[in-house]
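# Notes for the structure review
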Amino acid sequence: MTTSALTTSALTTSPKLSSSVPTGLWLAGRSVEASSGAWFDVLNPATGEVLASVADANAIDVLSALAVASAAQARWAATPPRTRGEILHRAWELVTERAEEFALLMTLEMGKPLSESRGEVAYGAEFLRWFAEEAVRIGGRTATAPSGNGRILVTKEPVGPCLAVTPWNFPLAMGTRKIGPALAAGCTVIVKPAEDTPLTMLLLAQVFAEAGLPEGVLSVVPGLDSAGIVGALMADPRLRKVSFTGSTRVGKILIAQSATHVLRTSMELGGNAPFIVFDDADLDKAVDGALAAKMRNGGQACTAANRFLVHNGVREEFTATLAARLGALRTGPGWESGTELGPIINQTQLSRIAQLVDEAVVAGATVRTGAKAVAGDGFFYAPTVLDEVPADARIRTEEIFGPVAVIEGFDTEAQAIEAANSTEFGLAAYFFTRDLDRSLRVASALESGMVGVNRGVISDPAAPFGGVKSSGLGSEGGSEGIEEYLTTKYIALTS
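Scope of this entry: the structure provided in the associated data block. (Residues numbered from 1 in each chain as written. Predicted model: local features only at pLDDT ≥ 70, side-chain atom pairs only at ≥ 80, totals over all residues. Heavy atoms only, no water.)

### Thoughts on unusual backbone geometry
The condition that has to hold: In this text, helices come from DSSP runs of H or I with a minimum length of four residues, and strands from runs of E with a minimum of two, each type numbered from the N-terminal end. The rule is simple: take the accessible area with a 1.4 Å probe, protein chains only, and divide by the maximum for that residue type; under 20% is buried, over 50% is exposed, in between is partly exposed.
A positive phi is found at Asn297, a non-glycine position, where the angle reads about 65°. Tracing the backbone through its elements, the reader meets Asn297 in the loop between α9 (283-295) and β15 (305-311). Of the residues examined, Asn297 reaches a relative accessible area of 2% and is grouped as buried. One non-glycine residue, Glu388, adopts positive backbone phi at about 55°. Mapped onto the fold, Glu388 is located in the loop between β17 (384-387) and β18 (404-410).

### Quick notes on the side chain of Arg84
Inclusion rule: When charges are counted, Lys and Arg are positive and Asp and Glu negative, with His and the chain ends excluded. Any Lys or Arg side-chain nitrogen located within 4 Å of an Asp or Glu carboxyl oxygen qualifies as a salt bridge. In protein, a polar contact requires one atom able to donate a hydrogen and another able to accept it; more generally it is a pair of N or O atoms within 3.5 Å, and residues adjacent in sequence count only if both atoms are side-chain atoms. In what follows, residue pairs with any heavy atoms lying within 4.5 Å of each other are defined as contacts.
Position of Arg84 among the secondary structure elements: in helix α2 (residues 81-97). The buried charged residue Arg84 lacks any salt bridge partner; its closest oppositely charged side chain belongs to Glu86, at an N-O distance of 11 Å. A distance of 3.0 Å separates a polar atom in the side chain of Arg84 from the backbone oxygen of Ala184. With residues up to four places along the chain from it excluded, the contact list for Arg84 reads Trp76, Ala77, Thr79, Ile138, Leu183, Ala184, Ala185 and Gly186.

### Here we look at the nonpolar core
Applicable threshold: Throughout, nonpolar core names a set of buried Ala, Val, Leu, Ile, Met, Phe, Trp, Tyr and Cys residues whose side chains join them through atoms within 4.5 Å.
Val95, Ile179, Leu183 and Phe208 are the most contacted members of the largest nonpolar core, which totals 66 residues. Counting 32 residues, the second largest nonpolar core, distinct from the first, contains Ala286, Val314, Phe432 and Ile458.

### Some details on the packing of α2 against helix α6 (residues 199-210)
Selection rule: Geometry is summarised by axes, namely lines fitted to C-alpha atoms with helices restricted to the contacting stretch, and by angles between N-to-C directions that run from 0 to 180 degrees. Convention used here: angles under 35 degrees read as roughly parallel, angles over 145 as roughly antiparallel, angles from 65 to 115 as roughly perpendicular, and any remaining angle as oblique. Left-handed describes a crossing whose near helix is turned anticlockwise from the far helix by less than a right angle; the clockwise case is right-handed. Under the convention adopted here, Pro, Cys and the residues Ala, Val, Leu, Ile, Met, Phe, Trp and Tyr are nonpolar, Asp, Glu, Lys and Arg are charged, and Gly plus all remaining residues are polar.
Running from amino to carboxyl end, α2 crosses α6 at an angle of 125°, the nearest separation of the two axes being 9 Å. By the angle between their axes, α2 is oblique relative to α6. When you trace α2 past α6, the crossing you get is right-handed. Side by side, α2 and α6 meet where Leu88, Ala91, Leu94 and Val95 of the first sit next to Leu204, Val207, Phe208 and Glu210 of the second. Partitioning the contact of α2 with α6 into residue classes produces seven nonpolar, no polar and one charged.

### Some details on the packing of aromatic side chains
This is how it is decided: Side-chain rings of Phe, Tyr and Trp, where Trp is taken by its six-membered ring, are said to pair if the distance between their centres is within 6.5 Å; with planes under 30 degrees apart they count as stacked, over 60 as edge-to-face, and otherwise as tilted. Here, over-ring charges are defined by two tests on the NZ atom of lysine or the CZ atom of arginine: distance to the ring centre within 6 Å, and angle to the ring normal within 35 degrees.
As enumerated under the stated definition, the model contains eight aromatic pairs in all. The interplanar angle of 70° and the centroid separation of 5.0 Å between the aromatic rings of Tyr123 and Phe127 together place this pair among those described as edge-to-face. With Tyr123 and Phe127 both in helix α4 (residues 114-134), this residue pair falls four residues apart, about one helical turn. The same class applies to Tyr123 as to Phe127, namely buried. When the centroid spacing of 5.5 Å and the interplanar angle of 85° are considered together, the rings of Trp168 and Phe401 count as edge-to-face. One end of the pair, Trp168, is in the loop between β9 (162-165) and α5 (173-185); the other, Phe401, is in the loop between β17 and β18, and 233 residues separate them in sequence. Following the ring pairs from residue to residue traces out a cluster consisting of Phe275, Phe308, Phe318, Tyr430 and Phe432. When the ring centre of Phe465 is taken as reference, the NZ or CZ atom of Arg177 above it lies at 3.9 Å. The positively charged end of Arg296 is found above the aromatic ring belonging to Tyr123, 5.6 Å away from the centroid.

That is the geometry; function is a separate question.
Written out as structure tokens, the structure is:
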């Protein structure tokens with residue numbers, strides 16, 4: 001059992017898997033069983049039913065993947081940049097051609113509505129096209145030494161074999177955002193996808209093989225023992241870089257482990273994004289932006305707005321409108337026509353969201369809409385707006401990762417900035433105002449790696465994605481993204 005594929009007669013029926021998506025480990029360019037013969041189940045979060053069984057990698061398997069990656073590294077690094085770029089471009093074409101297959105697969109294993117899955121396919125595929133173009137723009141420099149005794153030659157070279165650890169919330173895009181620049185730079189890659197959503201990454205590996213990527217350059221090793229898999233790889237000196245997207249808690253552990261062999265690290269960690277609405281904002285646009293910033297992926301995004309800081313002069317109007325818009329969203333399986341909000345990824349995360357909301361309500365928060373799980377199959381939580389939340393409530397300081405908006409009031413710009421920055425996180429921030437001077441002033445004052453001004457969606461493959469403080473290290477995307485996979489070499493030339 002190493003493959004399955006996607007078929008459905010209509011989007012209103014529950015789609016099934018049949019025979020084209022790999023379910024084995026992806027090693028040396030093909031789908032294989034785990035060395036132990038073990039498999040684990042992937043659930044459909046909209047129904048709670050088993051979607052597929054996937055090979056369960058262990059330390060032996062991932063070290064085999066590293067051996068293959070190490071053996072392929074020199075050959076891939078020596079591959080002409082144009083050739084590397086052409087393979088990435090062909091992969092972009094294939095993902096785009098198979099957009100509906102990828103979208104439906106993501107909806108089934110992650111739960112997001114099909115319309116959002118289609119958006120992720122377009123967004124995720126664009127990283128492949130972007131870095132296909134960046135592959136031929138890896139630069140360097142040369143200069144005459146100031147002393148006049150020779151020339152300074154600076155080159156950029158691939159870091160070496162890389163480990164990419166991807167999360168479940170964007171099964172395609174979080175992979176392409178790491179794989180794209182790594183391959184463009186000349187690095188081999190091992191991907192450890194989240195155990196909740198490994199199928200999309202396995203299908204992507206198959207697409208890369210069809211695009212002409214040589215065997216061993218890309219491996220995918222799903223498995224339940226994430227700590228054991230990642231730990232085994234990071235303890236091996238052949239690995240030269242780790243790129244991780246996930247919680248700050250796990251990121252700190254990986255940073256500590258990376259010290260053993262002084263690995264290059266890219267860390268895209270947790271967030272607690274503020275969304276500020278000033279009293280001069282266009283409230284209709286602000287509410288639209290709030291829905292985009294909060295409800296993309298059902299709030300299950302590191303960039304999701306968590307804390308809505310609203311000027312007290314417009315607080316009630318904004319809150320009432322937002323509550324009405326969120327309360328009217330249609331919740332259901334992502335493949336059903338008209339669904340606007342899909343399920344939470346699993347029961348553990350659903351219970352965590354419910355606990356955060358319940359604690360806040362018991363402490364005195366006002367429920368404007370929602371605040372309850374949705375009865376029935378799957379893992380659904382109603383879109384929720386909470387006002388008057390006590391300052392010490394956990395929901396104001398922890399990343400919610402769900403369809404819950406927490407409203408806070410302020411009176412002055414200084415208060416808004418202080419509240420926005422009063423967190424260990426600094427990934428994304430948003431604010432709405434019609435004042436250009438304020439736009440520049442507040443954007444500069446916010447302690448965040450990314451700021452959206454009068455917009456609720458900020459991700460762009462051509463822009464650097466990354467945070468400050470406990471939200472991470474390094475950037476993904478943009479021209480900055482490929483630099484994370486390159487080392488600088490200085491060559492001193494005698495005249």
